[in-house]
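Listed below are the residues making up each chain.
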Amino acid sequence: MADQEGGPDMVSFRELARRLVSDGVVERMTHQRISQIQRDDPEFPPVVQIGRSKAVDYRRARPYFAGRKSRQGERTDLKGKPAAE
């Protein structure tokens, strides 16, 4: 946990997924999905590489995910293409 002075609360992507669900920020989340979002979204909070794992400050990640619009099932591969007739 973070120290009393308000330092970072660094968590792995696996722990981040668990906390987001347990805190009710999202209904479901996996560490794989967090990795995908991190790769695709330049607005993702800063990530620190620790060995083979990645970590993020939960104090910055929680508001990011709370304000993020879920796009479950949205076909992003079809954007910008005219509809077939």
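What counts as what
Residues numbered from 1 in each chain as written. Predicted model: local features only at pLDDT ≥ 70, side-chain atom pairs only at ≥ 80, totals over all residues. Heavy atoms only, no water. Helix = DSSP H or I, 4+ residues; strand = E, 2+ residues; numbered from the N terminus. Buried < 20%, exposed > 50% of the residue type's maximum accessible area, 1.4 Å probe, protein only. Contact = heavy atoms within 4.5 Å. Areas by Shrake-Rupley, 256 points an atom, 1.4 Å probe, with all protein chains shown as cover. Pairing = 2+ DSSP bridges. Phe/Tyr/Trp six-rings, centres within 6.5 Å; stacked < 30°, edge-to-face > 60°. Lys NZ or Arg CZ within 6 Å of the ring centre and 35° of its normal. Salt bridge = Lys/Arg side-chain N within 4 Å of Asp/Glu carboxyl O.

Another aspect to go through is the overall build of the protein. Counting secondary structure elements, the protein contains three helices and three strands. Mapped from its N terminus to its C terminus, the protein presents α and β elements in the order β-α-α-β-β-α. Across the 85 residues in the protein, those meeting the buried criterion constitute 26%. A sequence separation of at least 24 residues applies to 50% of the contacts in the protein between residues at least 6 apart. Accessible surface for the protein amounts to roughly 6600 Å². Of this, 47% is attributable to carbon and sulfur atoms.

Moving on, we come to the pairing of strand β3 (residues 53-57). Alignment of strand β1 (residues 10-12) against β3, held across three bridges, turns out to be antiparallel. By the bridge assignment for β3, M10 is matched with D57. The pairing of strand β2 (residues 47-50) with β3 spans four bridges and is antiparallel. Directly across from V48, in β3, lies its bridge partner A55. Between the antiparallel neighbours β2 and β3 lie two residues, among them G51 with a positive phi of about 65°.

With that settled, consider the packing of aromatic side chains. All told, the structure shown has four aromatic pairs when counted by the stated rule. With 6.0 Å between their ring centres and 85° between their planes, F44 and F65 make a pair best called edge-to-face. Placement of F44 in the loop between α2 (31-40) and β2 and of F65 in helix α3 (residues 58-66) is noted, with a sequence separation of 21 residues between them. Judged by centre distance (5.0 Å) and plane angle (90°), the ring pair of Y64 and F65 falls under edge-to-face. Over the aromatic face of Y58 sits the side chain of R19, whose NZ or CZ is 5.0 Å from the ring centroid.

A full pass over the atoms with the stated rule returns four salt bridges. Between D9 and R19 there is a salt bridge, with its nearest N and O atoms 2.7 Å apart. You can see D9 sitting in the segment before β1 and its partner R19 sitting in helix α1 (residues 13-22), a full 10 residues away along the chain. For the pair formed by D9 and R19, the shared burial category is buried.

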